[in-house]
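What follows is the residue order along each chain.
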Amino acid sequence: MTMGRLGNAQPTEVIDRGAKLSFRWNGKRFGGFEGDTIASALAAAGEQVFSRSMKYHRPRGILTADYWDPNLLVQVGDDPNVRAGHRRLEAGMEVSAQNVWPSLRRDIKAANGLVGRFLTAGFYYKTFMRPARLWPAYERVLATFAPGGKIDLDTPHRYHDKRYMHPDVVVAGAGPAGIEAALAASADGARVLLVEHEHAVGGHLRYDSRDTAVAALAELRAALDASDVEVLTDSTVTGRYEDNWLGIVQRSHPVAVERLIKARAKTLVVAPGLIERPYVFAGNDRPGVITSTAARRLINLWGVKPGERAVVFTANADGDAAAADLDRAGVEIAAVIDGRQGHRVSSTQGSPRAVEAVVSGGNRIEADLLVVAAGWTAPTSLLNMAGDRPVYDPPAARFFAADPPGNVLATGGLAGDGTLDELRAHGAATGRLAAQRAAAVAHRLQALTARAQPVGGEEPPWAPDDRIPLGRDPHPELYRSDTHGMVDFSEDVGSKDLMAAAGEGYDSVELAKRYTTATMGPSQGKLETVNTVAAIAEARGETIAAVGTTVWRPPYAPLTLGALAGRGFEPVRVSSIQPWHEANGVHTILAGQWIRPDHYGDPAAEVRNVRSNVGLIDVTPLGKLDLRGPDVAKLLNLLYTNKWSKLPVGKVRYGMMCAEDGVVLDDGVTGRLGDEHYLMTTTSSGAGGVWEWVENWLQTERPDWRVHVTPVTTAYTSINVAGPKARELVSRVTDGVDLSPEAFAYMEVRTATVAGVAGCFMWRIGFTGELSFEIHVPAGCGLHVWEALMDAGDDLGVGPFGLEGQRIMRLEKGHFIVGQDTDGLTLGPSTGLGPLIKLDKDDFAGKPELAWAVGRPLPMIVAIQPDDPNIVPAEASQIVAGDTNQILGRITSSRMSPTLGRSICLGQVEPELAAGGTKLTVLLTTGERVGATVMDHHAHFDPTGERLRG
Amino acid sequence: MLLVPCPYCGPRNSVDLRYGGESQPRPDPATATPEQWRGYLYRRDNPADWLRENWYCRSGCRRWFTVERNTATNEFRHPPMPGDKRGGKA
Amino acid sequence: MGSLGRRLGRGPAKYSAAALVWRGLRGGQWPRIWRDAELKRSYDAVIVGGGVHGLATAYYLARNHGIKDVAVLDKAYLGSGASGRNTAIVRANYLTPEGVAFYDRSLQLYNTMATDLNINVMFSERGHLTLAHNDSSLRTMHWRAEVNKLQGVDSSVIGPDEIKKVAPSLDTSSHPRYPILGALYHPPGGIVRHDAVVWGYARAADCMGVEMHQKTEVLDILCEGGDGTDGKGPGGRVVGVRTSRGDISTPVVVNCTAGWASLISAMAGVRLPITTHPLQAAVTEPVKVFLPTVVVSGSLHVYISQTDRGELVFGAAVDPVATYSIRGSLEFTEELAGHVLELMPGVSRMRLLRQWSGLCDMTPDYSPVMGFTGVDGFLVDVGWGTYGFKAAPVSGEQMAEAVATGRTPELIAPFALSRFDTGELVGEKGAAAVGH
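The shown structure was predicted, so the numbers you read here are calculated from the model rather than taken from an experiment.

1. Re the sheet that holds strand β20 (residues 309–314) of chain A
Residue and element names in this part refer to chain A.
(1) Moving on: Pairing is parallel across the open sheet formed by four strands, whose spatial order is β18-β25-β20-β21. Whereas interior strands pair on both sides, the edge strands pair on one side only; in this sheet they are β18 (289–291) and β21 (332–338). If you compare each strand with its neighbour and ignore which way they point, the axes differ by 20° on average.
(2) Moving on: Note: β20 against strand β25 (residues 369–373), five bridges, orientation parallel. Bridge assignment links A310 to a residue of β25, and that residue is L369.

Below is the structure:
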């Protein structure tokens with residue numbers, strides 16, 4: 001067979017014969033025109049074989065000449081699996097065949113074809129079991145047969161963008177019905193988006209050479225241009241999700257590689273047209289067998305002559321039109337076989353690379369081209385995704401929409417058949433219905449939004465669907481001829497495989513699909529699902545309607561991970577002091593969304609400086625909730641395990657929160673700033689969660705309590721000034737507060753002006769074990785106050801310290817960290833803070849479980865010191881029973897203490913090991929077992945807390 | 001992307017809210033037996049049917065509210081109510 | 001016919017390379033993988049749910065205990081639920097000693113499954129990496145590694161350089177928004193062809209006389225003597241099952257469903273600690289194989305593996321909203337793609353081909369509910385969340401023992417339903433969160 005370019009320009013062609021493009025195919029130079037697809041340019045140059053099939057590596061040529069063509073997947077540069085039937089040719093493209101070795105021409109894996117009778121679908125389930133140790137080797141062999149192109153892992157993630165849209169009506173498919181729907185909806189005042197998969201609107205009109213079609217297309221295009229409809233070409237509606245949330249991929253975009261559009265459509269019109277279905281017979285995958293729409297596209301869009309001498313197997317008007325186009329293009333018509341008269345094609349003959357003859361009714365007809373028009377598949381995917389279960393209509397030989405939800409309307413081929421005028425009229429009626437219903441949806445949405453503009457007027461009625469239905473043309477049911485052939489071209493699954501699978505018990509479509517992998521390849525079932533169903537039906541002796549079909553899943557057309565990911569935009573949180581940190585050698589650590597200072601080069605030195613002089617740490621991510629109202633104390637009593645009713649103004653108290661199952665949820669200090677004004681702090685990681693917890697209680701269980709909650713975590717920059725010289729430093733920059741120990745004791749809070757900034761809160765708390773003042777500065781002034789403290793404390797030896805230094809000092813004082821020393825099962829009493837759990841209070845969160853836990857031996861958090869002071873066990877080292885593998889606990893926090901010059905830990909141990917002085921065995925991660933001792937107190941350093949109360 | 005009907009903000013994309021789960025009446029902690037309390041903590045009706053459930057409008061008005069949703073079809077019904085924790089199966 | 005054929009008690013249907021060649025030469029149809037039997041009016045035991053758990057339970061009842069008068073009922077086709085939708089990752093690197101012991105037993109059974117069941121389940125031991133992107137996560141990886149090692153399971157924590165050697169396509173630099181700090185590396189983990197496991201158990205059970213009934217929906221469980229209405233509820237006992245094809249009398253009903261566990265259990269008057277959430281997955285077009293290991297990131301909520309055909313298979317965490325609708329969402333694919341490209345920036349040109357979802361029954365402690373329920377004769381093997389597939393062999397083995405002996409086997413005692421009355425929950429939350 002020889003394809004070639006037609007000398008005369010075709011009236012409907014989209015190529016620009018004046019604009020030549022050159023490219024490479026498998027290393028060889030080729031030429032084409034602007035407007036060609038990769039496949040049409042190669043076909044025009046006489047190429048016949050474009051790929052080799054997955055399993056048997058049979059040569060494959062053009063089948064449908066569009067996006068869905070399973071034989072036209074090629075590698076373009078670093079882009080694998082490009083659809084050559086759709087991708088437009090560009091100058092300089094490097095195109096190559098996929099999965100062939102050594103070359104497309106002489107592929108060694110075609111030897112598979114020789115053993116085809118043994119390599120039936122699913123053969124691998126029945127072998128390769130023994131010897132089991134060879135399976136990895138078998139796998140490697142199977143992997144070399146894997147289809148698909150090559151991915152270059154150094155491919156940069158180029159620019160992808162996303163867009164949100166809020167159209168009233170989205171029309172998927174710009175054939176004549178779809179265009180009319182868009183125009184009508186727009187004329188009715190709706191905001192309309194029209195999405196077309198191909199590079200230009202028009203659907204099947206684009207490759208219809210008849211005068212009426214050409215004129216209609218021109219008319220429709222002009223009307224579209226004159227309208228307000230937004231049109232996207234080379235774009236596909238990939239999925240219809242809950243409540244008409246649509247994913248749309250826009251492939252041709254001037255800037256982005258591919259763009260994902262997310263649209264909440266009020267109504268969706270589905271008008272994808274029909275996809276021509278291949279016919280199943282022996283030799284149906286030989287290069288030279290093409291569908292009728294492929295023939296018409298080749299001739300009318302790209303001026304390609306598909307062959308010299310053709311047999312046309314036609315069962316419908318489009319097949320007849322293809323015969324006319326072929327004739328006009330100078331192709332000799334050797335025979336027209338009419339499927340409506342009961343005639344069939346049985347097989348093709350020839351070399352693996354080309355058709356040489358067609359066998360029908362026992363006769364052998366010489367030809368190099370077989371054009372097949374056996375019927376249509378309705379691509380009902382978007383309707384399926386909307387919950388519809390399409391129904392098969394035997395006289396029309398295809399599926400139709402059954403009962404989609406009211407905001408999804410089908411038109412065009414999905415709805416029925418008719419003349420061009422009838423299809424256009426149905427489309428227009430659909431557009432008007434879509435617009436009316438969209439208006440009703442808009443009204444309802446606004447009415448549901450209490451705080452929006454009051455919605456005007458009555459809700460428009462939900463328009464009834466009184467469109468005149470399209471008819472259904474009878475069509476012979478042509479699925480399989482009297483021979484067996486290929487059903488899934490991508491997966492090399494034939495009708496014989498499917499019927500054998502059904503006979504073996506894989507006799508539902510879902511089981512057969514999984515067993516043979518039919519419909520699971522890159523064409524996503526568009527060309528093979530109905531033939532698969534038909535094969536199963538035949539094997540079971542049932543009708544297609546009885547067998548049913550598979551569930552169509554999104555995306556309707558594949559889209560890149562890049563488009564789905566978009567720009568990779570992820571927010572980062574930093575405090576106002578970040579510029580200072582960065583300028584001063586900070587090593588940062590990620591804590592949730594926050595970037596925090598971990599240390600500035602030497603955490604041990606930072607610890608020593610804090611304990612001898614004074615240090616500053618930026619603790620801005622500390623959760624802060626401003627609580628106001630007459631019932632705040634009640635709230636604190638409810639959420640913390642201890643008592644809060646008598647906390648005087650100006651005092652601060654530590655509290656632990658438990659969840660309703662008694663598990664430790666969070667902890668922190670809360671201070672009373674005024675009669676009805678408190679400031680609660682939480683852990684940094686718990687900030688958001690505790691706020692929601694508070695709101696949940698107030699809104700749903702205690703709605704009568706008067707408490708206002710304002711999260712102020714990021715409204716204040718929080719600076720902790722710690723060390724024996726802390727008071728001296730803070731006094732140098734503070735106005736309005738008497739900082740002497742008698743006036744401002746440990747665990748008290750004051751409002752102050754710091755470095756000229758009014759409205760700062762300052763409290764004396766001490767998790768590091770040193771005298772410390774924690775200053776909360778309105779965030780805009782945070783950096784200023786930090787710098788002021790640094791300047792003022794120069795002669796005092798002030799220096800920054802980070803999370804690592806703070807962690808060391810906290811551990812020296814034995815303060816447990818929620819979420820590190822506690823876990824998802826740690827009950828309140830296990831923290832050692834049993835005395836803080838006041839069971840004589842009324843209801844508080846966790847009380848019932850905490851009450852029932854009394855007297856029950858629980859795992860306990862304890863302070864531990866390894867016997868060898870130089871061994872610092874890794875966190876999560878297990879505590880074991882002697883030489884056995886029995887687990888008795890684990891190390892949860894562990895550091896070398898610069899203050900004590902030895903290693904210190906916190907851990908969880910079984911209740912019987914919790915007493916001070918108990919000897920433990922710690923299994924280091926190296927495998928070595930070492931001795932350790934449980935300490936009497938959690939604090940390894942200054943257990944009575946003298947230093948911080950000063 | 002489910003549209004969830006917040007009573008104040010109107011129908012919003014579900015990612016803007018946090019799902020709060022089946023509405024369960026909280027037993028009286030003073031009188032509940034351990035089995036009753038743990039039934040409240042752990043056991044659920046989990047129907048494939050209309051369910052009374054709670055949502056938190058996390059990115060909008062920050063109010064908790066209760067709605068009835070059919071867990072098989074994801075339809076919502078009844079105007080949503082300010083948060084309350086009355087029983088599960090609607 | 002061989003010993004397998006004799007043991008299975010049926011004709012020469014043994015799978016092997018020789019048999020493939022023989023049939024290839026001779027032509028002819030392989031026999032049905034399981035019989036299409038008539039539904040009887042009574043059975044010694046009825047198993048609800050024709051997925052891997054139900055089928056494995058049936059298999060072990062017949063094989064280990066000689067109980068063969070068993071019907072497995074499924075309202076659709078075998079393996080149509082979670083068994084056919086999961087991403088088929090098997091591993092034993094859990095957090096608690098009881099979890100590790102349990103899943104390790106399962107992994108051992110997977111290793112010999114192909115020969116035990118005479119079907120190639122394509123168990124591919126390719127290693128399992130759980131990435132840590134922050135301190136807290138890295139600590140949890142250490143915790144898991146230490147517990148695993150004590151149980152004799154091969155797991156260790158490795159750093160970015162070693163990770164790069166195991167999976168070169170990962171970005172182990174400091175560039176990503178959430179850089180990789182380390183990973184839990186578990187060489188014995190891998191993937192398996194999930195459908196083949198379903199078919200293997202079904203075929204083997206069928207050979208021993210168990211009946212498989214597809215398109216048979218359980219509409220009610222008939223009980224007597226219980227506290228609730230119609231004799232259901234604690235204190236009662238099972239007398240039969242009402243199905244869409246008629247009533248069956250039986251003293252034993254085992255609930256092995258996923259997604260329907262609450263509904264089936266409610267039929268016996270049992271209220272479970274379960275909420276049902278969709279779990280979504282997606283697959284790309286095939287490309288040449290480049291990823292040799294299973295990669296999971298707990299912090300990024302994503303897992304990635306590559307099939308022998310070259311498709312990348314992705315999964316994530318369960319959907320946040322409890323629903324029985326499994327239509328899938330766009331935001332799942334968006335978040336997933338974002339996280340995958342964080343880990344492997346080089347795959348941005350690969351195209352997503354298909355997304356699907358299944359239903360997961362989530363429990364408060366990320367551990368299943370197995371064993372007795374307080375209704376005599378009604379047992380459950382449910383609450384499997386996102387980790388059910390890997391546990392199928394051991395679950396089947398243990399549930400069969402529970403049914404046959406009337407006692408809870410030690411290995412599954414921690415998973416008893418009664419733990420939700422006593423408050424003794426299992427601490428697996430750290431390990432099972434994502435990562436299947």
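The structure having been displayed, the exposition proceeds.
2. Observations regarding helix α7 (residues 135–150) of chain C
All names here are of chain C.
(1) Moving on: Over its 16 residues, α7 extends 23 Å from the first C-alpha to the last, a length consistent with the 22 Å expected when each residue adds 1.5 Å.
(2) Moving on: Listed in full, the buried residues belonging to α7 are S137, R139, T140, M141, W143, R144, A145, E146, V147, N148 and L150.
(3) Moving on: A distance of 3.2 Å separates the backbone nitrogen of S136 from a side-chain oxygen at the start of α7, and that oxygen is part of N134.

3. Quick notes on the packing of aromatic side chains
Residues and elements named next belong to chain B.
(1) Moving on: Taken as a whole and assessed by the stated rule, the structure comprises 38 aromatic pairs over all chains.
(2) Moving on: Each ring, one from Y19 and one from W55, has its centre 5.0 Å from the other, and the planes form 65°; the classification is edge-to-face. Here Y19 is found in strand β3 (residues 18–22), whereas its partner W55 is found in strand β4 (residues 50–56), with 36 residues between them in sequence.
(3) Moving on: In this structure Y19 comes out as buried when scored by relative accessible area, which is 15%.

4. Details of the interface of chain A and chain B
(1) Moving on: Taken residue by residue, the interface counts 25 residues in chain A and 30 residues in chain B.
(2) Moving on: Contact between chain A and chain B buries roughly 2600 Å² in total, counting both sides, with carbon and sulfur atoms accounting for 51%.
(3) Moving on: When the buried area of chain A at its contact with chain B is split by residue, E692, Q699 and W852 of chain A rank highest and sum to 22% of it.
(4) Moving on: Inspection of the chain A/chain B interface yields four salt bridges.
(5) Moving on: At the boundary of chain A and chain B, one finds 12 residue pairs in polar contact (both at pLDDT 80 or more).
(6) Moving on: Elements represented by at least two residues in the side of chain A that touches chain B include exactly α17 (687–701) and α21 (847–853) of chain A.
(7) Moving on: If you tally residues by element for the side of chain A that touches chain B, the top one is α17 of chain A, at eight residues.
(8) Moving on: Classifying every residue of the side of chain A that touches chain B by side-chain character gives nine nonpolar, four polar and 12 charged.

5. Some details on the confidence of the model for chain C
All names here are of chain C.
(1) Moving on: Averaged over chain C, the pLDDT score is 92; the fraction of residues at 70 or greater is 95%.
(2) Moving on: Here residues 432–436 scores under 50 on pLDDT; set against residues more than four positions off or in separate chains, the count is 24 contacts.
(3) Moving on: Confidence estimates for the predicted assembly give a pTM of 0.94 and an ipTM of 0.93.

6. Comments concerning the interface of chain C and chain A
(1) Moving on: Of the residues lining the interface, 85 residues belong to chain C; the matching set on chain A comes to 102 residues.
(2) Moving on: Looking only at chain C, the three residues that lose the most surface to chain A are L150, R349 and R351 of chain C, adding up to 10% of its buried area.
(3) Moving on: Here chain C is connected to chain A by 11 salt bridges.
(4) Moving on: Elements with a contribution of two residues or more to the side of chain C that touches chain A: α2 (17–26), α4 (82–85), α6 (113–117), α7, α9 (194–207), α11 (330–343) and β18 (351–362) of chain C.
(5) Moving on: For the side of chain C that touches chain A, the leading source of residues is α11 of chain C, giving nine residues.
(6) Moving on: Looking at side-chain class alone, the side of chain C that touches chain A contains 40 nonpolar, 24 polar and 21 charged residues.

7. Considerations on the pairing of strand β7 (residues 182–186) of chain C
All names here are of chain C.
(1) Moving on: Taking burial as the measure, the five residues of β7 include four buried ones, the bulk of the element.
(2) Moving on: Summarising the sheet, strand β5 (residues 128–132) and β7 pair through five bridges and their orientation is antiparallel. What sits directly across from T130, in β7, is L184.
(3) Moving on: As defined by bridge partners, strand β6 (residues 156–158) adjoins β7 across three bridges and the pair is classed as antiparallel. Residue pairing across strands places I158 opposite A183, the latter belonging to β7.

8. Concerning the pattern of salt bridges
Side chains carrying opposite charge are able to pair once their charged atoms draw close together.
(1) Moving on: As enumerated under the stated definition, the model contains 83 salt bridges over all chains in all.
(2) Moving on: For E504 of chain A, the salt bridge goes to K126 of chain A, with nearest N and O atoms at 2.9 Å. One end of the pair, E504 of chain A, is in the loop between α9 (495–503) and α10 (509–516); the other, K126 of chain A, is in the loop between β8 (94–97) and α2 (135–144), with 378 residues separating them in the sequence.
(3) Moving on: Accessibility expressed as a relative area gives 3% for K126 of chain A, which makes it buried.
(4) Moving on: Of the charged contacts, one joins R947 of chain A and E770 of chain A as a salt bridge, the two residues approaching to 2.7 Å between their closest N and O atoms. Separated by 177 residues along the polypeptide, R947 of chain A in helix α22 (residues 946–949) and E770 of chain A in the loop between β44 (757–764) and β45 (772–778) bring together distant segments of the chain.
(5) Moving on: The exposure class assigned to R947 of chain A is partly exposed, which follows from its relative accessible area of 34%.
(6) Moving on: One continuous salt-bridge network, built from bridges that share partners, spans D78, D79, R83, R87 and R158 of chain A together with E285, R349 and R351 of chain C.

9. With respect to unusual backbone geometry
(1) Moving on: Cis geometry is found at the peptide bond from P554 of chain A to P555 of chain A, where omega equals 0°.
(2) Moving on: Here P555 of chain A is to be found in the loop between α12 (544–547) and β32 (559–560).
(3) Moving on: Although it is not a glycine, D243 of chain A adopts a positive phi angle of roughly 55°.
(4) Moving on: Considering the arrangement of structural elements, one finds D243 of chain A in the loop between β13 (235–241) and β14 (245–250).
(5) Moving on: Judged by its relative accessible area of 31%, D243 of chain A falls in the partly exposed class.
(6) Moving on: The backbone of D230 of chain C shows a phi angle near 55°, a positive value even though the residue is not glycine.
(7) Moving on: Relative to the helices and strands, D230 of chain C is located in the loop between β10 (218–224) and β11 (237–243).
(8) Moving on: With relative accessibility at 62%, the residue D230 of chain C sits in the exposed group.

10. Quick look at the environment of G235 of chain C
(1) Moving on: One can find G235 of chain C in the loop between β10 and β11.
(2) Moving on: In sequence terms G235 of chain C and D376 of chain C are 141 residues apart; their C-alpha atoms lie 7.2 Å from each other.

The rules behind these values
Residues numbered from 1 in each chain as written. Chains lettered and ligands numbered in written order. Predicted model: local features only at pLDDT ≥ 70, side-chain atom pairs only at ≥ 80, totals over all residues. Heavy atoms only, no water. Pairing = 2+ DSSP bridges. Helix = DSSP H or I, 4+ residues; strand = E, 2+ residues; numbered from the N terminus. Axes fitted to C-alpha atoms, helices over the stretch in contact; angles between N-to-C directions. Expected span 1.5 Å × (residues − 1). Buried < 20%, exposed > 50% of the residue type's maximum accessible area, 1.4 Å probe, protein only. Polar contact = N/O pair within 3.5 Å; in protein donor to acceptor, adjacent residues only side chain to side chain. Phe/Tyr/Trp six-rings, centres within 6.5 Å; stacked < 30°, edge-to-face > 60°. Contact = heavy atoms within 4.5 Å. Buried area = accessible area lost by both parts, 1.4 Å probe. Salt bridge = Lys/Arg side-chain N within 4 Å of Asp/Glu carboxyl O. Nonpolar A, V, L, I, M, F, W, Y, C, P; charged D, E, K, R; others polar. pLDDT = per-residue confidence, 0-100.

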